[in-house]
Amino acid sequence: MLRETEDELVRSAQAGDVAAFENLMRLLERQMLAVAAGFAHTPDDANDIYQDAMLAAYKALPNFKLESKFSTWIHKIVVNTALSNRRKLKRTWQKMAAVQAEYEQVEKYTDKRSPESNMLDSELSCAISQAMTRLSDTERIAFVLCHQQGFKLKEAAEVMSCTVNSVKVVLFRARNKLKARLAEYH
Amino acid sequence: MTIPDAEEQQQFLVLDYLYGDWDEAQKNEFEQLLIANQSLKQLVDDERGFNEFFPIGRQPLIEPERLEGNRWLLRQNLRKASRSGFSFQNWLSGLAQRPFSIAFQGAAMAMTFVLGVMVASPNSGPSAGISDEILLSAGQNSAPSPLALISEEDFEIYKLKVNHYDAATGDIDLSFSVASETRLSGNVADSKISQLMAVALLDDIDSASRLDTINALQPVVSGDKVYEALIYVLTNDQNPGVRYQAVRSLVALSDEEQVRDALRLALQKDVNSGVRIEAFNALMPYRDEQTLGVFRAQMDVDSSEYIRNQSRFIVEQIDNNSIIL
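Residues numbered from 1 in each chain as written. Chains lettered and ligands numbered in written order. Predicted model: local features only at pLDDT ≥ 70, side-chain atom pairs only at ≥ 80, totals over all residues.

**Comments concerning the overall build of chain B**
Logical step 1: When helices and strands are tallied, chain B shows 15 helices and three strands.
Logical step 2: For chain B, with 325 residues in total, the buried portion stands at 25%.
Logical step 3: Counting contacts in chain B only where the partners sit at least 6 residues apart, residues at least 24 apart contribute 56% of the total. (Helix = DSSP H or I, 4+ residues; strand = E, 2+ residues; numbered from the N terminus. Buried ≥ 20, exposed ≤ 12 C-beta atoms within 10 Å, placed from the backbone. Contact = placed C-beta atoms within 7 Å.)

Printed below as a string of structure tokens:
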């Protein structure tokens, strides 16, 4: 999207134009849903995080300053919404997981950004989803942003409101945990 | 570029190589240094090995139907938010951007209207300023409107619009919205509070608040509006965690036919096996035809092994007994 076009859409959305906000989100929606899915227990939960985050973004849009990058700002909102949802829902999820004889509802994983043809087999997708749940919140944010979303360390630090070195520490820890959890697959 | 001795610094360097904003020249220089440094090379090879198995960019797959569904839902949510989400503050700031005379007229009209409502209200007089405490301790049995819990100083009028004004006769037709932010303290056993919370479950509150509300309502679940709201949540809420909490709250009321209807529906239709298992457990003691019909269907199709096995066990038990009889 051209920077001017994005700025124009942001300005219109800030003035309350819902259609402009929808257009603005059209190019980011897949990415934002994938970020939400990186934090959620199930696809339904990810959809819920996405919807809550988008409404929060729409309401907070008048406070957004155009000198910042819109995609970084929106990532921050999705991450914060996901974290607050996870904290609130954690106990319920734990109870629910305890009665679930099997956990058939997990995200399917793909190799690249979007091609559906490169979908991984369900066993590996399930293993990745399970391994991701073992990461702490900050480890998960760092991994989702840097590894899954391709953020540079500096950009991730901006979203996480911390230093680049802090991102590196948690990212390295996250990679080590995942390596250990997924050892039998690689 | 120099290679640090400390292990953590070396790890940082590797992460810079993998995720930093180095250009090709910097990457080449780093790769050259690896030739002479075996321990760092080992570290890089380990990390590269992980990246080959789990490449950068591997992420949850978002299928087009899911994208479409979310787009549609977001549209509905945004429309609702833009209809009801404006604040008095926004309205005032909107007024501030208009010419002073128009802004003044608008504000004066709004204030006049509020005063008019207060003066003309049949409840005006000594009891009009009834406090929340009095309302809450009145113990009336009729289902209250949430508006009954809001005192007059707690609401604001916004989006006032003059639809028609006849200057000759003074007749006027107005439309306006009322917004309120009220804080209530009391006990959840008070029917007015529990019913207000039940009504809120049907409105647009976020999933975390829905969950808090259901948890708080659990001890008073048998209240009229409360269990109806929980049934609504169980059969309509998008968040499986919230539906799960609703089904757990409804278990105690499974003697009610309306609740069993909802449990049967959840057992058949809910995509989440945790929700279905709770619904199934609540229905297990019942042997009426409708419930058995659902067990009969689920014993073949349910993705949960527990539900399939238990349903089959119950159905076979019933069938065997009827053969003996």
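Next comes the rest of the description.
**Notes on the overall build of chain A**
Logical step 1: Regarding its fold elements, chain A presents nine helices and one strand.
Logical step 2: Put simply, chain A runs from its N terminus to its C terminus through helices and strands in the order α-α-α-α-α-β-α-α-α-α.
Logical step 3: Scored against the burial criterion, the 186 residues of chain A give a buried share of 43%.
Logical step 4: Across chain A, contacts joining residues at least 24 apart in sequence account for 56% of those joining residues at least 6 apart.

**Some points on the interface of chain B and chain A**
Logical step 1: Listed per partner, the contact involves 51 residues of chain B and 60 residues of chain A.
Logical step 2: The element contributing the most residues to the side of chain B that touches chain A is helix α4 (residues 64-84) of chain B, with eleven residues.
Logical step 3: For the side of chain B that touches chain A, the class distribution of residues is 23 nonpolar, 19 polar and nine charged. (Nonpolar A, V, L, I, M, F, W, Y, C, P; charged D, E, K, R; others polar.)

**Observations concerning helix α8 (residues 191-201) of chain B**
Each full turn of the α-helix corresponds to 3.6 residues, which orients residues three or four apart in the same direction.
Logical step 1: The buried count for α8 of chain B comes to nine of eleven residues, which makes it a mostly enclosed element.
Logical step 2: Within α8 of chain B the residues assigned to the buried category are Ser-191, Lys-192, Ile-193, Ser-194, Gln-195, Leu-196, Met-197, Ala-198 and Leu-201 of chain B.

**Some details on the environment of Asp-7 of chain A**
Logical step 1: Summarising the element assignment, Asp-7 of chain A is placed in helix α1 (residues 3-14).
Logical step 2: Sequence-wise, Asp-7 of chain A and Lys-69 of chain A are 62 residues apart; in three dimensions their C-alpha atoms are separated by 9.8 Å.

**Things to note about the nonpolar core**
Logical step 1: Counting 60 residues, the largest nonpolar core has Ala-36, Val-78, Ala-142, Cys-146 and Ala-156 of chain A as its most contacted members.
Logical step 2: With eight residues, the single largest contributor to this core is helix α4 (residues 43-60) of chain A.
Logical step 3: Contact partners of Ala-36 of chain A, with chain neighbours within four places excluded, come to Ala-46, Ile-49, Tyr-50, Ala-53, Val-78 and Ala-82 of chain A.
Logical step 4: Counting residues in hydrophobic clusters, the runner-up holds 37 residues, among them Val-226, Val-242, Leu-250 and Ala-266 of chain B. (Core = buried A, V, L, I, M, F, W, Y, C linked by C-beta atoms within 7 Å.)

**Some details on the confidence of the model for chain B**
All names here are of chain B.
Logical step 1: Considering every residue of chain B, the mean pLDDT works out to 76; 74% of them sit at 70 or more.
Logical step 2: Residue range residues 85-143 is modelled with pLDDT below 50. Its contacts to residues more than four positions away, or to other chains, number 45 contacts.
Logical step 3: Scoring of the predicted complex yields 0.53 for pTM and 0.80 for ipTM. (pLDDT = per-residue confidence, 0-100.)

**So, helix α3 (residues 29-39) of chain A**
Logical step 1: Here α3 of chain A lies mainly inside the structure; nine of its eleven residues are buried.
Logical step 2: Of all the residues in α3 of chain A, the buried ones are Gln-31, Met-32, Leu-33, Ala-34, Val-35, Ala-36, Ala-37, Gly-38 and Phe-39 of chain A.

**Considering the confidence of the model for chain A**
Residue and element names in this part refer to chain A.
Logical step 1: Across chain A, pLDDT averages 82, with 78% of residues at or above 70.
Logical step 2: When mean pLDDT is compared element by element in chain A, helix α9 (residues 164-181) scores highest at 94, while strand β1 (residues 109-110) scores lowest at 68.
Logical step 3: Under a pLDDT of 50 for its full length, residues 113-117 has, in the predicted model, six contacts with residues more than four places off or in other chains.

**Remarks on unusual backbone geometry**
Residue and element names in this part refer to chain A.
Logical step 1: Here Ser-161, not a glycine, exhibits a phi torsion of approximately 50°, which is positive.
Logical step 2: You can see Ser-161 is positioned in the loop between α8 (153-160) and α9.
Logical step 3: Since 9 C-beta atoms lie within 10 Å of it, Ser-161 is described here as exposed.

**A closer look at the packing of helix α9 (residues 207-217) of chain B against helix α11 (residues 240-250) of chain B**
All names here are of chain B.
Logical step 1: Between α9 and α11, whose axes approach to 9 Å, the crossing angle comes to 10°. The angle between the axes of α9 and α11 places the two elements in the roughly parallel class. In this structure, α9 uses Ser-207, Arg-210, Leu-211, Ile-214, Asn-215 and Leu-217 to contact α11, whose residues at the interface are Gly-241, Val-242, Gln-245, Ala-246 and Ser-249.
Logical step 2: Tallied by class, the residues present in the contact of α9 with α11 amount to five nonpolar, five polar and one charged. (Axes fitted to C-alpha atoms, helices over the stretch in contact; angles between N-to-C directions. Parallel < 35°, antiparallel > 145°, perpendicular 65-115°, else oblique.)

**Structural notes on the packing of helix α7 (residues 137-148) of chain A against α9 of chain A**
Residues and elements named next belong to chain A.
Logical step 1: Closest axis-to-axis distance for the α7/α9 pair is 8 Å, and the angle between their directions is 90°. In terms of orientation, α7 lies roughly perpendicular with respect to α9. Each of Thr-138, Glu-139, Arg-140, Ala-142, Phe-143 and Cys-146 in α7 lies in contact with α9, whose residues at this interface are Val-167, Val-170, Leu-171, Arg-173, Ala-174 and Lys-177.

**Quick word on the environment of Glu-22 of chain A**
Logical step 1: Following the sequence through the fold, Glu-22 of chain A ends up in helix α2 (residues 18-26).
Logical step 2: In this structure Glu-22 of chain A comes out as partly exposed when scored by C-beta crowding, with 18 C-beta atoms within 10 Å.
Logical step 3: With 13 residues separating them along the chain, Glu-22 of chain A and Leu-9 of chain A place their C-alpha atoms 9.3 Å apart.
Logical step 4: Excluding anything up to four places from it in sequence, Glu-22 of chain A contacts Arg-75 and Leu-78 of chain B.

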